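Working through the structure, step by step
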Amino acid sequence: MIKRYIFGNPIETDAILCKPAIAEGNTPFFKDGHIRISLSDKDIVYGLGENVRGINKRGFRYVSFCSDDPQHNEEKSSLYGAHNFIIVSPAKTEGASTNDPMGIFVDTPGKVTFDIGFSDLNQIDIQVESGSFELYLIYEASEKEIVRSFRKLIGPSYIPPKWAFGYGQSRWGYASSEDLRNVVRKYRKAGLPLDMIYADIDYMDHYKDFTINRESYPDFEELVSELKNDHVRVIPIIDAGVKIESGYEVYEEGVANNYFCKDENGEDFVVGVWPGNCHFPDMLNDKAREWFGLKYKTLLDMGIEGFWNDMNEPAIFYSKKHLSEVFEDLENYKGANLDIQSFFEFKGLIFDIDNNMNDYRSFYHEYKGQRYRHDLVHNLYGFNMTRGASEAFEKLVPGKRILLFSRASCIGMHRYGGIWTGDNASFWSHLLMNFKMMPSLNMCGFLYCGADMGGFGSNVTEDLLLRWTAVSLYTPLMRNHSALGTRDQEMYRFPDSAAGFRNLITARYRLVPYLYSEFMKAVRDSSMMFSPLAFVYEDQIAAEIEDQLLIGDEIMIAPVFEQNASGRVIYFPEEMKEIRFEDMKVIEGQLYEKGYHYVDIPLGVTNIFIRPGKCVPVGECVFGIDEVDSAKITMYKFPGNGESKPAEYELYDDDGISLPAGVRS
Ligand code: MIG
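I will try to describe carefully the structure that is included in this document. (Residues numbered from 1 in each chain as written. Predicted model: local features only at pLDDT ≥ 70, side-chain atom pairs only at ≥ 80, totals over all residues. Heavy atoms only, no water.)

Close contacts around the ligand come from 13 residues, with Asp200, Asp310, Arg407, Asp423 and His481 the closest. With respect to the ligand, the side chain of Asp310 contributes an N or O atom lying 2.7 Å from a nitrogen atom. Arg407 places a polar side-chain atom, nitrogen or oxygen, 3.0 Å from an oxygen atom of the ligand. In isolation the ligand exposes 350 Å². Once the protein is present, 94% of that is buried. Looking at the shell around the ligand residue by residue, the classes come out as 8 nonpolar, 1 polar and 4 charged. (Near = heavy atom within 4 Å. Polar contact = N/O pair within 3.5 Å; in protein donor to acceptor, adjacent residues only side chain to side chain. Areas by Shrake-Rupley, 256 points an atom, 1.4 Å probe, with all protein chains shown as cover. Nonpolar A, V, L, I, M, F, W, Y, C, P; charged D, E, K, R; others polar.)

The following block contains the structure:
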């Protein structure tokens, strides 16, 4: 059952296309402008999609405001997404209340604070900055059913091409066609598969969207077709900011048609991003969004079949106006004797320059026929950039799936593209944090997602990359990506571990028939591909496990997250059977009884655990996503104790490229 309430004058977000009628009577939990819900000791709060901290969100304050912040540490309250959905799940221990779980979606395009037991250990306090929002309360008998109701409400998730379940290499810093060719060559030489290579900002001419740097990428089109013949797709980045440069088509057209965001005086708002001074296309304006989306045609025409949308929070280095104020203010400090207060003021002038709230309050959108100050509709920007591209693909290549994922997002965008989880770092803690995001993202409709494998910032180590590969091979997006200036992180840089990497990538391909099937069924059934153990098992130990997940109904995974560990303790909430991927072989491992067991998991090895009465399809050992054949599979079964009936599995498969009927049209 879904109940909808309205407060103030909410701005439409398009998160929900088909809304239920407004509920009658007073809103429960609403007091003094806040939504307040009491929690008892062992209740769990799930949700908030892409965020810091755990699967259980209790014990912190989170702020929904799409933010470009590469320091994903525990004190941060916002990452790139604004996913305002939580589930309050009552404890399932004996003697606890028998309340059903409840889902809460706060539908608003501006800032929302979710204080989940931060100010008061046992209270949720949700506050919407503008005071205007729609509130959805979802009551069902289980967490899974709440997710299903919510996902039906927000509409079907984006479907990528099947080849996007392959393995991709990316790095900020590949500077030329030759660089890209070399990476592919080295992968091939090392006997390591590769299905995609990502082109970061350097393929563009001076970071101008929809242009090619012809000096370093003179033969971009040939490169694309040559690599495609070698079964490697090139996936270019698109940035939100459009360079101000007379003669540059995108800039000229945007100015002529008033497609850019305006400042308070109605002038095109000037911000500094990659190319220096830029304008932001008004992605919220239907016409501008359509125009910008259709620009992707330039690259489609060059043979491109996939894109990643970046900097669309939108990230701002500085605004032109603020920058000149800063220079003026700095003058005041020249020759001054800086005491503690003035020193920090002085330092703050530079330190607070990027992604500054005042800048977000200084430009405007034309949205649904009205003018809105940016900060009030902030979380819709990345969503609408991605939506614009997706809507254009429907016109340009009708019925064909195009790979598309974004950095910024809010709920609603899940219908148009996936996400990657932004600028993480090569930290063991980030490996675990990114793992924990998967079920939270699935709850919010984001199914095609994954983290920068190996970590974006900081220097990876060989063992971290191996362990990260052993996690990413389960996520739909499997992409190794790293930042300019960090240690090289392509798998072939670590020749001693080539066999381990090869084993892990081929394990991925062997699992694609299963992973793809689970992904597509999750789209079709509005279900989760990754779930916390507590969504299935009722015991208190399972409820608190955050480093093991279920994939579909069949398997549990429990990767290693600790450096120098050669295995780990795993909690088995019921008896399970291990299937191991080792030395390119599939090995039927041992049975584990319910309870804790230490499981040996050397570097370069991965394993899954089959639940009783279930079976999983495992494909052949192939060396590229295009070779995966879901018809050539072996079923691995675990009948379980006393089970007589043969295990069954519904395998979903399709051509992987046209939009399937019945799943999404
Ligand atoms: O401020 O395009 O998250 O993946 O490599 C950095 C360069 C801009 C941020 C993205 C990252 C990408 C980088 N971009």
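To describe a pair of aromatic rings, one takes the distance between the centres and the angle between the planes. Taken as a whole and judged by the stated rule, the model has 50 aromatic pairs. Look at Phe210 and Phe292: their rings are 5.2 Å apart centre to centre, the planes differ by 65°, and that puts the pair in the edge-to-face class. You can see Phe210 sitting in the loop between β13 (196-199) and α3 (220-229) and its partner Phe292 sitting in helix α5 (residues 286-294), a full 82 residues away along the chain. Classification of Phe210 as buried rests on a relative accessible area of 9%. With centroids separated by 5.1 Å and ring planes inclined at 55°, the aromatic side chains of Tyr571 and Tyr596 adopt a geometry described as tilted. With Tyr571 in strand β31 (residues 567-572) and Tyr596 in strand β34 (residues 595-600), this residue pair connects regions lying 25 residues apart in the sequence. (Phe/Tyr/Trp six-rings, centres within 6.5 Å; stacked < 30°, edge-to-face > 60°. Helix = DSSP H or I, 4+ residues; strand = E, 2+ residues; numbered from the N terminus. Buried < 20%, exposed > 50% of the residue type's maximum accessible area, 1.4 Å probe, protein only.)

In terms of nonpolar packing, the biggest core is built from 202 residues, with Phe85, Ile86, Ile104, Tyr203, Leu299, Phe307 and Leu403 touching the most fellow members. Counting residues per element, this core draws most heavily on helix α14 (residues 498-524), at 14 residues. Not counting chain neighbours up to four residues away, the residues in contact with Phe85 comprise Tyr46, Gly47, Leu48, Gly103, Ile104, Phe105, Ile138, Ile146, Phe150, Ile411, Met443 and Cys444. Counting residues in hydrophobic clusters, the runner-up holds 16 residues, among them Met556, Ala558, Val560 and Phe572. (Core = buried A, V, L, I, M, F, W, Y, C linked by side-chain atoms within 4.5 Å. Contact = heavy atoms within 4.5 Å.)

Let's shift gears to the sheet that holds strand β15 (residues 242-243). Here we have 4 strands laid out as an open sheet, ordered β15-β17-β16-β19, and antiparallel in their pairing. Edge positions in the sheet fall to β15 and β19 (318-319), since each of these pairs with one other strand and no more. Examined bridge by bridge, strand β16 (residues 271-273) and β19 share 2 bridges and lie antiparallel to one another. Following the sheet pairing, Gly272 is matched in β19 by Tyr318. (Pairing = 2+ DSSP bridges.)

For the rest of this paragraph, the subject is the environment of Tyr509. Mapping Tyr509 onto the fold places it in helix α14. Once the C-alpha coordinates of Tyr509 and Glu627 are considered, the two residues, 118 residues apart in sequence, prove to be 8.7 Å apart. Side chain to side chain, Tyr509 and Asp195 meet in a polar contact 2.6 Å long.

Turning next to the sheet that holds strand β28 (residues 530-531). Strand order in the open sheet formed by 6 strands is β28-β29-β30-β35-β32-β33, with antiparallel pairing between adjacent strands. Edge positions in the sheet fall to β28 and β33 (585-592), since each has one partner strand and no second. Sheet topology places strand β30 (residues 555-557) next to strand β35 (residues 606-610); 2 bridges connect them, and they run antiparallel. Opposite Ile555, over in β35, you have Ile610 as the bridge partner. Those strands touched by α14 are β29 (549-551), β30, β32 (576-582), β33 and β35, and its axis lies near 135° from that of β32. (Axes fitted to C-alpha atoms, helices over the stretch in contact; angles between N-to-C directions.)

Further remarks concern a nonpolar patch on the surface. Nonpolar side chains collect at one region of the surface, where Leu338, Ile340, Phe343, Phe344 and Phe346 lie side by side and expose about 460 Å² of accessible area between them. Here Phe346 is to be found in helix α8 (residues 340-351). For Phe346, a relative accessible area of 30% gives the class partly exposed. (Patch = residues over 30% accessible without salt bridge, like charges linked within 9 Å, V, L, I, M, F, W, Y side chains within 5 Å. Salt bridge = Lys/Arg side-chain N within 4 Å of Asp/Glu carboxyl O.)

Scanning the model with the defined rule gives 52 salt bridges in all. For the salt bridge of Lys76 with Asp69, the shortest nitrogen-to-oxygen distance reads 3.0 Å. Of the two residues, Lys76 and Asp69, neither departs from the other in class, the shared state being buried. Asp525 is paired through a salt bridge with Arg524; the nearest N and O atoms lie 2.8 Å apart. The class of Asp525 is partly exposed, set by a relative accessible area of 32%.

Let's shift gears to the packing of helix α7 (residues 320-331) against α8. The packing of two helices is summarised by the inter-axis angle and the distance between the axes. Relative to each other, α7 and α8 sit at 160°, their axes nearing to 10 Å. As judged from the angle between their axes, α7 and α8 are roughly antiparallel. In the packing of α7 onto α8, the handedness of the crossing is left-handed. Across the interface between the two elements, Val326, Asp329 and Leu330 from α7 touch Phe346, Leu349 and Ile350 from α8. Classifying every residue of the contact of α7 with α8 gives 5 nonpolar, no polar and 1 charged. (Parallel < 35°, antiparallel > 145°, perpendicular 65-115°, else oblique. Left-handed = near helix turned anticlockwise from the far one by under 90°.)

In short, shape yes, function no, at least from these values alone.
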